Amino acid sequence: MKINKDSRYNQELIDKVYAYSLNRGIYIDLDAADEIYRELSEISEEHKIKAIEELPEEYRGINLNSPKQIVQVMTEHFNFAKYAGKTGKGGLSFGEEVLAKIYEKTGNLFAYHLREYRSSKSIAGKIKEIVDEMDDDNRVHPEYVYGDTNRVSYRKPGLSNLNEKCRPIIAAGPGRKLIKADYKAQEVYIQVNMLNIPELKRVFEEYDDFYAGMVKVLANVDLKREYRNNIKTAWLAGIYNSSLQNIGESEEERKLVKLIKDKVHKIPQIEAYREYVNKNMVHGNQPVTSYFGTKRMLPSWVKNKYQLQNIAFNNVFQITGADILFFAIESCINKFRDLGLTPEDIYIYMTIHDEIIFNVSEDMISEELLKEIEDAMVLDIEGWTKIKVDLEVSDTY
């Protein structure tokens, strides 16, 4: 599918695609849900017991679900007030990130077990929420909504941003398979192409791994596999002009991370676009506008100008990513029509961030079909390099 900056996706078609899938329903593997729920409940109970065992006798009647009591034990017994976050009303809070920091800094086992207890209990609760919404055919029929970045999310029940432990409960259904088609490094692909950074656009053509190619171009060194995650962090810190801790296991890695962050930050196209966003979208109160012209307003509740600048800068790329996904949906629907395929053969089941999940009849699975899907999703965007798509066939998400 050929598109350019002036192209617009077919919103009516996009809405029909989501409405069809959710009316048909998302199949839930009840056996998997029951098994995972039991495992998580057991893990949660184990961490609850171990957390309480870390406390002296006078605190062992604590309710781990009470924020007030957690604050009391964390400040009075452990003297951890200095690590606490703040609630909306200015009170102290000990959320997931705070507990992780406490454990990292002090090795405190109460903080560790409390965090694991909360996490397991929360995931188990999510599974119960989904199962409680099933119809008689083990299907759920959530609503879909467009968020601040115009990406679709699912609610009632919530199926977006599912923890990895939850994902196996989403299944294709009897006689069906899922094809998961995931855009590879979509966010950085959009950033490099939208801002037209020639030396990095070539990386997408010459390297399978963008970050390895980027390090070679900017620092003229070969990227070690164990450095990759921190180099990705360095790219993001450079793009969004955010601070970067002294990260890395070795002096060599720390120096490389800092070098990449500084070089990315100083790329002229990035600096110029950051200034444009700040002037027009933050201080000029113009809507955040994607490469393809989709407009969304900044969240009104955020007052800090620095935060707004980062949100606006990020949302430009995220909204553009949503546009590309919707163009890909349109391209796939056209492809299926041209191939004479019906929804009983294949239909778009869900989208999760930059991934399209297809629900396919088992007897339709073939290398030829995978190639047709890949061809449909690799859009021909004027002036942009071609994006790569990873495809996987499975029974569950």
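Residues numbered from 1 in each chain as written. Predicted model: local features only at pLDDT ≥ 70, side-chain atom pairs only at ≥ 80, totals over all residues. Heavy atoms only, no water.

Q: Hey, could you run me through the side chain of Arg-151 in this one?
A: Tracing the chain through its elements places Arg-151 in the loop between strand 6 (143-146) and strand 7 (152-155). Separated by 2.9 Å, the side chain of Arg-151 and the backbone oxygen of His-353 make a polar contact. Contacts of Arg-151, omitting those with residues within four sequence positions, involve Val-145, Tyr-146, Gln-186, Gln-318, Gly-321, Ala-322, His-353 and Asp-354. (Helix = DSSP H or I, 4+ residues; strand = E, 2+ residues; numbered from the N terminus. Polar contact = N/O pair within 3.5 Å; in protein donor to acceptor, adjacent residues only side chain to side chain. Contact = heavy atoms within 4.5 Å.)

Q: Honestly, the sheet that holds strand 5 (residues 139-140) in this entry has me stumped. Any pointers?
A: Pairing within the open sheet is antiparallel, and its three strands lie in the order 5-2-8. In the strand order of this sheet, the two ends are held by strand 5 and strand 8 (170-171), each with one partner. The pairing of strand 2 (residues 26-28) with strand 8 spans two bridges and is antiparallel. Of the residues in strand 8, the one forming a bridge with Ile-28 is Ile-170. (Pairing = 2+ DSSP bridges.)

Q: Even after reading the chapter, I still don't get unusual backbone geometry, so can you show me in this structure?
A: Most peptide bonds adopt trans geometry, and most residues besides glycine take a negative phi value. In this model, Lys-156 is joined to Pro-157 through a cis peptide bond whose omega is 5°. Residue placement: Pro-157 occurs in the loop between strand 7 and strand 8. A positive phi angle is found at Asn-241, which is not glycine, with a value near 55°. Within the element layout of this structure, Asn-241 appears in the loop between helix 9 (228-240) and helix 10 (251-265). A positive phi is found at His-353, a non-glycine position, where the angle reads about 55°. Looking at where His-353 falls in the secondary structure, it is placed in the loop between strand 12 (346-352) and strand 13 (355-361).

By themselves, these observations are geometric and do not establish any function.
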